[in-house]
Amino acid sequence: MNLGQFIHPNSNACYPTKKPLVSVATQQTPLGSPGSPQRGRAPMAAEPSSPVSGRETFKTYLRKVGSGEHTSKGLSREEARHALELILDEEATPAQIGAFLIAHRIRRPEPQELTGMLDVYRQRGPKLSTTTKAISFGMPFDGRSRTAPIYPLTALVLAAAGLPVVLQGAGRMPVKYGVSSVELFQSIGLPWAQQPLSRLQDCLDQANLALVHQPDHFPAAESLIPYREDLGKRPPV
């Protein structure tokens, strides 16, 4: 790959342009005394019980992670996955979501909890494909504010060497409001924001590099950003 062509805006090379899951068995509660209906009254059909709401289910997860220093415990992988689904689907209330996120910030999420949350992001988030394993950097979503990031240069060098690189990012966000990955690439003539996913796939196929911009391709996750501002701390999601 010609790196000069890749970053030059006038070249023809790749250049970005612009269940509910919980089910509860129905139960019937007979009226009157056990055995037979009350004398003189016709038997009445019992009403089925209501399914457990996402709000009530989320309470059980919140009790586990937020019950205190000595009694709280981590969720299982499946529980963490379901908890994040309830958050993204807005079945949990804002108060529950805030409590859940700050509880995790205080006690720190455990490996199986992070794995369960990643399961949701893999399932619901945007997907790109490569013929060989791609490299993805663990970059802070709230950017850099005190140090100079070198990952744009590293990504370009790796891509030029034929190694596929997939990056991710968003706009400036709390709590740091540092320079974002999208801004850094924009400054060298690579505007990754507001690109369709098909265009990102083309860039990955042709130039071994793509950056997925969260506001464009995962709005459900983007909706959690205001909680970061309100909490004043960086939560696990």
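This text goes with the structure placed above it.
What comes next concerns the included structure. From a predicted model like this one, the values you see are computed outputs, not experimental measurements. (Residues numbered from 1 in each chain as written. Predicted model: local features only at pLDDT ≥ 70, side-chain atom pairs only at ≥ 80, totals over all residues. Heavy atoms only, no water.)

**Observations regarding the overall build of the protein**
Here comes step 1: Helix and strand counts for the protein stand at 11 helices and two strands.
Here comes step 2: For the protein, the N- to C-terminal ordering of α and β elements is α-α-α-α-α-α-β-α-α-β-α-α-α.
Here comes step 3: Within the protein, buried positions represent 36% of all 237 residues.
Here comes step 4: For the protein, the exposed area adds up to about 13900 Å²; of that, 54% sits on carbon and sulfur atoms. (Helix = DSSP H or I, 4+ residues; strand = E, 2+ residues; numbered from the N terminus. Buried < 20%, exposed > 50% of the residue type's maximum accessible area, 1.4 Å probe, protein only. Areas by Shrake-Rupley, 256 points an atom, 1.4 Å probe, with all protein chains shown as cover.)

**Comments concerning the side chain of Asn208**
Here comes step 1: Position of Asn208 among the secondary structure elements: in the loop between helix H8 (197-207) and strand S2 (209-213).
Here comes step 2: Residue Asn208 is classed as buried on the basis of its relative accessible area, which comes to 17%.

**Things to note about the pairing of strand S1 (residues 165-169)**
Here comes step 1: With four of its five residues buried, S1 lies for the most part within the structure.
Here comes step 2: Taken together, the five bridges between S1 and S2 define a ladder with parallel strand orientation. If you follow Gly169 over to S2, its bridge partner there is His213. (Pairing = 2+ DSSP bridges.)

**Section: H8**
Note that an α-helix has 3.6 residues per turn; residues three or four places apart therefore point the same way.
Here comes step 1: Restricting attention to buried positions, one finds in H8 the residues Leu200, Gln201, Cys203, Leu204 and Ala207. Down the axis of H8, the sector holding all buried residues measures 165°, keeping them to one side.
Here comes step 2: Within two residues after H8, Asn208 carries a phi angle of roughly 65°, on the positive side. (Arc of directions from axis to C-beta.)

**Quick word on the packing of aromatic side chains**
Here comes step 1: Counting across every chain of the model gives three aromatic pairs.
Here comes step 2: Ring centres 5.2 Å apart and planes at 55° place the aromatic pair Phe58 and Phe100 in the tilted group. With Phe58 in helix H2 (residues 54-66) and Phe100 in helix H4 (residues 94-107), this residue pair connects regions lying 42 residues apart in the sequence.
Here comes step 3: Since its relative accessible area comes to 2%, Phe100 is described here as buried.
Here comes step 4: Considering the side-chain rings of Tyr121 and Phe218, the 5.1 Å spacing of their centres and the 70° angle between planes classify their relative orientation as edge-to-face. Here the residue Tyr121 occupies a position in helix H5 (residues 111-124), and Phe218 occupies one in the loop between helix H9 (214-217) and helix H10 (219-222), the gap between them amounting to 97 residues.
Here comes step 5: Judged by its relative accessible area of 9%, Phe218 is buried. (Phe/Tyr/Trp six-rings, centres within 6.5 Å; stacked < 30°, edge-to-face > 60°.)

**What about the layout of surface pockets?**
Here comes step 1: If you add up the space inside the largest pocket, you get close to 1200 Å³.
Here comes step 2: Along the walls of the largest pocket sit 32 residues, with Leu118, Tyr121, Phe141, Gln168 and Gln214 positioned nearest its centre.
Here comes step 3: Going through the elements one at a time, H5, S1, H9 and helix H11 (225-231) are the ones with two or more residues in the lining of the largest pocket.
Here comes step 4: Counting residues per element, the lining of the largest pocket draws most heavily on H5, at five residues.
Here comes step 5: In terms of residue class, the lining of the largest pocket is made up of 21 nonpolar, seven polar and four charged. (1 Å grid on protein atoms, 1.4 Å probe; cavity = no way out; pocket = protein on both sides within 12 Å on 5 of 7 lines; lining within 4 Å. Points joined across faces, edges and corners; volume = space filled by probe spheres on them. Nonpolar A, V, L, I, M, F, W, Y, C, P; charged D, E, K, R; others polar.)

**Considering empty space enclosed by the protein**
Here comes step 1: Volume-wise, the largest cavity comes out at about 50 Å³.
Here comes step 2: As for the largest cavity, its lining consists of Met139, Pro140, Phe141, Gly143, Tyr151, Gln168, Gly169, Ala170, Val179, Ser180 and Ser181.
Here comes step 3: Residues belonging to the lining of the largest cavity are distributed by class as follows: six nonpolar, five polar and no charged.

**Thoughts on unusual backbone geometry**
Here comes step 1: The omega torsion of the bond from Pro174 to Val175 falls at 10°, within 30 degrees of zero and hence cis.
Here comes step 2: The topology assignment puts Val175 in the loop between S1 and helix H7 (181-187).
Here comes step 3: Unusually for a residue other than glycine, Arg108 sits at a positive phi of about 70°.
Here comes step 4: Structurally, Arg108 is set in the loop between H4 and H5.
Here comes step 5: Although it is not a glycine, Gln194 adopts a positive phi angle of roughly 60°.
Here comes step 6: Tracing the backbone through its elements, the reader meets Gln194 in the loop between H7 and H8.

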